[in-house]
Amino acid sequence: MPGLIGKKIGMTSVFSADGKNVPCTVIEAGPCVVTQVRTVEKDGYAAVQLAYDETTEKHASAPLMGHFKKAGTTPKKKLVEFPADFGKELKLGDVITVADIPVDETPFVDVVGTSKGKGFQGVVHRYGFAGVGGQTHGQHNRLRHPGSMGASSWPSRVLPGMRMGGHMGNERVKVFNLRVIKVIPENNLLVVKGSVPGARGSYVIIEA
């Protein structure tokens, strides 16, 4: 199974068999509905589009309403395309749940999310600059400023890639090899070890 769409519920901790307290993230994974099946003959590649999270007809565009009607499902908020290696033939309207994750075969998953937005941040917060020290290297007496950004004689400009203040967060982040601690199919819950990018309630993509 290549993946599922889910929603980050929050963090908790569980005790392992040897008594260690393990930090975990709880994810509501699925159920997802197959809304499109792409084939090599028709589209040039094989993939499956999954839809997740209910919405109303009012908040879905007319083209999407036709798309969902063709799949025989209600309007959804999130659509994601996955490689078509689910191990079984899928058709429009099929439902994929967290129970389809083969935990015995794949005890690790990758999780993709959007990190929390931090707005405009300076170099101390964004890159871990020390922010303290003497009044040298162009820093003068402004302790949280980056200091010199290059020579004034040559090349007389700031070179690309210089670490400076700017927009921080709100980026697509992928965390690899998170161990699956527990699967609770009756509640569509997946518990993984460690943290997952994003705020509570944000969408995540689970890749097996």
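Per chain, the residues get numbers from 1 upward, laid out in the order the sequence is written. Per-residue local features of the predicted model are confined to residues with pLDDT of at least 70, and side-chain atom pairs are confined, for both listing and counting, to 80 or more; whole-chain, interface and lining totals are unaffected and use all residues. Note that water and hydrogens are dropped before the side-chain values are worked out from all heavy atoms of the structure.

A. Representation of the sheet that holds strand β3 (residues 32-38) within the structure. A sheet is described by the order of its strands in space; here four strands give the open sequence β5-β4-β3-β6, paired in antiparallel fashion. Strands with a single pairing partner mark the edges of an open sheet, and in this sheet they are β5 (76-83) and β6 (95-96). Pairing of β3 with strand β4 (residues 47-54) involves five bridges; the strand directions are antiparallel. Looking at the pairing, V34 lines up with L50 of β4. Residue contacts follow a heavy-atom distance rule, with two residues in contact if any of their heavy atoms lie within 4.5 Å. Whenever a helix is involved, its axis is fitted only over the stretch in contact; in every case the axis is a line through C-alpha atoms, and angles between N-to-C directions fall within 0 to 180 degrees. The way it works is that DSSP assigns letters per residue, a run of H or I at least four long becomes a helix, a run of E at least two long becomes a strand, and they are numbered from the N terminus. Running over the sheet, helix α2 (residues 62-71) touches β3, β4 and β5 and is turned about 95° from β3. The pairing criterion is simple: DSSP has to find at least two bridges between the two strands.

B. Looking closely at the side chain of D53. Among the structural elements, D53 can be located in strand β4. A residue is classified by how much of its surface remains accessible, and D53, at 17% relative accessible area, is buried. Pairing of N or O atoms within 3.5 Å defines a polar contact, subject to two protein rules: one partner must be a possible hydrogen donor and the other a possible acceptor, and residues neighboring in sequence count only if both atoms are side-chain atoms. In this structure the side chain of D53 is engaged in a polar contact, spanning 3.2 Å, whose partner is the side chain of K7. Exposure is judged per residue with a 1.4 Å probe applied to protein chains only, and the accessible area is read against the type maximum: over 50% gives exposed, under 20% gives buried, and values in between give partly exposed.

C. View of the packing of aromatic side chains. Think of it this way: a Phe, Tyr or Trp ring, Trp meaning its six-membered ring, pairs with another when their centres are within 6.5 Å, and the plane angle makes it stacked under 30 degrees, edge-to-face over 60, tilted otherwise. According to the stated counting rule, one finds one aromatic pair in the structure shown. Ring centres of Y52 and Y203 lie 6.1 Å apart, and the angle between their planes is 85°; this geometry places the pair in the edge-to-face category. Taken together, the positions of Y52 in strand β4 and Y203 in strand β12 (residues 203-207) put the pair 151 residues apart, joining distant regions of the chain.

D. Expanded view of the sheet that holds strand β1 (residues 3-15). With antiparallel pairing, the six strands of this closed barrel are ordered in space as β1-β2-β11-β10-β7-β12. Neighbouring strand axes in the sheet, compared pairwise and without regard to direction, differ in orientation by 50° on average. By the bridge criterion, six bridges tie strand β7 (residues 108-114) to strand β10 (residues 172-184) in an arrangement that is antiparallel. Its bridge partner being in β10, T114 is matched across the sheet by R172.

E. Spotlight on the environment of C24. Looking at the secondary structure, you find C24 in strand β2 (residues 21-29). Put simply, C24 and V14 are ten residues apart on the chain and 7.1 Å apart in space, counted from C-alpha to C-alpha. Sequence-distant contacts of C24, that is, excluding residues within four places in its chain, are made with G10, M11, T12, S13, V14, I181, V191, V192, K193 and G194.

F. Region of the structure containing the pairing of β10. Judged from the four bridges that link them, β10 and strand β11 (residues 189-193) form a sheet pairing that is antiparallel. Paired with I184 across the two strands is L189, which belongs to β11. Between the end of β10 and the start of β11, which pair antiparallel, lie four residues, with N188 showing a positive phi angle near 55°.

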